[in-house]
Amino acid sequence: MKALKNIFVGFLVSFIGSIPLGYLNVIGFEIYSKFGMNSLIFFLFGVICVEMFVIYFTLIFAKQLVNNKKLMKFIDFFAVFFLLIIGYSFYASANQTTEQQGVFEKYAMYSPFLIGVFLSGINFLQVPFWTGWNLYLINGNYISIANKLKLYYIAGTLIGTFAGMLTLVLLLNTLSQNTTSFSKYVIPVVIPLFFVVLAFVQMIKVYKKYYRKRI
C-alpha cells in the first residue's frame, strides 16, 4: 500500500510540476515539430535520466541542501540569467536569415537523448523545486522513504514527468497547427516572451526571499 501511495504522490507532483518547468517543455515542442515523435521520446528519456539522479539526491540530502544558504542563493540568482539567455537564443534563432541554421538544425547531428541529458543537466531550477517538494512530502508523511520505498516514489515522479511533458508538447503542437497566428509567432515572439515572464517571476521570488525582509 505504501509503495502504491509513493508512486501516486510522485506521479501527481511531477505531472503537475512538469508543466511550469519552462524551457525543457518548449524545447521538447520544437524538437517534436522539427524531428517527430521518435526524437521527442528520446529527448524525454534523456531529461528524466538526469532528473532521476536529481530527485534521488535531493530526497536523501534535502535538509542539508536547504541549510546551504549560499548554494540556494546562487541557484536563485543564476536562474534569472539562465531563463533570459534561453529566451534570447530562441529570439535570435527566429531572426536568422534563411542561409543560416536555426538552433536545432545546427545540433541535428547529435542524439536527442544526449540533448535531453545536457539540457536537463543544466536545469538548476529543478534542485530547489525537488528539494522543497521532497521536504514537504517527507515532513507531512505523504511518502515513505524507508528501504526500497523511495524507489517507488522516484519511479512515480519519472513517469509523471514523462507523461506531463509529453502531454504539454502535444497540446502545444495541436494549438500551433490549428491556429495560424500562433504558429507564425510562436518562435520569434511567444516563446521568448514566455521566458522573459518566467525570468520576471523568478526575480520577484528572489526579491521576496532575500530583500523584502531587509526593508
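Residues numbered from 1 in each chain as written. Predicted model: local features only at pLDDT ≥ 70, side-chain atom pairs only at ≥ 80, totals over all residues. Heavy atoms only, no water.

Novice: Report on the overall build of the protein chain, specifying residues and quantitative values.
Specialist: Scanning the protein chain from N- to C-terminus turns up ten helices and zero strands. Going from N to C terminus, the protein chain has its helices and strands arranged as α-α-α-α-α-α-α-α-α-α. Out of the 215 residues belonging to the protein chain, those deemed buried represent 42%. Once local pairs closer than 6 in sequence are excluded, the contacts in the protein chain between residues at least 24 apart make up 84%. (Helix = DSSP H or I, 4+ residues; strand = E, 2+ residues; numbered from the N terminus. Buried < 20%, exposed > 50% of the residue type's maximum accessible area, 1.4 Å probe, protein only. Contact = heavy atoms within 4.5 Å.)

Novice: Lay out the side chain of Thr157 with the relevant residues and their values.
Specialist: Among the structural elements, Thr157 can be located in helix α9 (residues 149–178). When residues no more than four places from it in sequence are discounted, the contact partners of Thr157 are Gly10, Phe11, Ser14, Glu51, Ile55 and Trp130.

Novice: Which residues make up a nonpolar patch on the surface, and what values go with them?
Specialist: On the surface, Met52, Phe53, Tyr56, Phe57, Ile60 and Phe61 cluster together into a nonpolar patch covering about 550 Å² of accessible area. Note that Tyr56 resides in helix α3 (residues 37–60). Look at Tyr56 and you get partly exposed, because its relative accessible area is 33%. (Patch = residues over 30% accessible without salt bridge, like charges linked within 9 Å, V, L, I, M, F, W, Y side chains within 5 Å. Areas by Shrake-Rupley, 256 points an atom, 1.4 Å probe, with all protein chains shown as cover. Salt bridge = Lys/Arg side-chain N within 4 Å of Asp/Glu carboxyl O.)

Novice: How would you summarise the environment of Ser120 if you had to cite specific residues and measurements?
Specialist: Topologically, Ser120 is positioned in helix α7 (residues 112–121). Between the alpha carbons of Ser120 and Phe43 there is a distance of 9.8 Å; along the sequence they are 77 residues apart. Of the polar contacts made by the side chain of Ser120, one reaches the backbone oxygen of Val47; its length is 3.1 Å. (Polar contact = N/O pair within 3.5 Å; in protein donor to acceptor, adjacent residues only side chain to side chain.)

Novice: Before we move on, could you go through the nonpolar core and cite the residues and values that matter?
Specialist: Within the largest apolar cluster, 28 residues are counted, with the highest numbers of intra-cluster contacts made by Leu40, Phe43, Leu44 and Tyr153. Counting only elements with at least two residues in this core, the list comes to α1 (2–18), α2 (23–35), α3, α7, α8 (126–139) and α9. Not counting the four nearest positions on each side in its chain, Leu44 is found in contact with Phe162, Met165 and Leu166. (Core = buried A, V, L, I, M, F, W, Y, C linked by side-chain atoms within 4.5 Å.)

Novice: Go over the packing of α3 against α8, please, and point to the residues and values.
Specialist: Running from amino to carboxyl end, α3 crosses α8 at an angle of 50°, the nearest separation of the two axes being 9 Å. In terms of axis orientation, α3 runs oblique to α8. Here α3 runs over α8; the crossing is right-handed. Along its contact with α3, which presents Val50, Glu51, Val54, Ile55, Thr58 and Leu59, the element α8 presents Gln126, Val127, Trp130, Thr131, Asn134 and Ile138. Of the residues that constitute the contact of α3 with α8, the class distribution is seven nonpolar, four polar and one charged. (Axes fitted to C-alpha atoms, helices over the stretch in contact; angles between N-to-C directions. Parallel < 35°, antiparallel > 145°, perpendicular 65-115°, else oblique. Left-handed = near helix turned anticlockwise from the far one by under 90°. Nonpolar A, V, L, I, M, F, W, Y, C, P; charged D, E, K, R; others polar.)

Novice: Please set out the confidence of the model for the protein chain residue by residue, giving values where relevant.
Specialist: The pLDDT averaged across the protein chain works out to 75; a share of 71% of its residues lies at or above 70. Averaged over each element, pLDDT in the protein chain is lowest for helix α6 (residues 103–106) (54) and highest for α3 (89). Scored below 50 in pLDDT, residues 96–102 shows four contacts in the model against residues more than four places distant or in partner chains. (pLDDT = per-residue confidence, 0-100.)

Novice: Describe the pattern of salt bridges, and please don't skip the residues or the numbers.
Specialist: Two side chains that carry opposite charge are able to pair once their charged atoms sit near each other. Summed over all chains, the structure comprises one salt bridge. Across the salt bridge formed by Glu30 and Lys34, the nearest N and O atoms sit 2.6 Å from each other. A residue pair is termed a helical-turn pair when its members lie 3 or 4 positions apart in one helix, as Glu30 and Lys34 do in helix α2 at four residues. Residue classification places Glu30 among the buried positions, given a relative accessible area of 6%.

Novice: Describe the packing of aromatic side chains, with residues and values.
Specialist: Scanning the model with the defined rule gives two aromatic pairs in all. Residues Phe45 and Phe162 carry aromatic rings whose centres are separated by 5.3 Å and whose planes lie at 35° to one another, so their mutual orientation is tilted. Of this pair, Phe45 sits in helix α3 while Phe162 sits in helix α9; the two residues are 117 residues apart in sequence, bridging distant segments of the chain. Under the relative-accessibility criterion, Phe45 is labelled partly exposed at 39%. (Phe/Tyr/Trp six-rings, centres within 6.5 Å; stacked < 30°, edge-to-face > 60°.)

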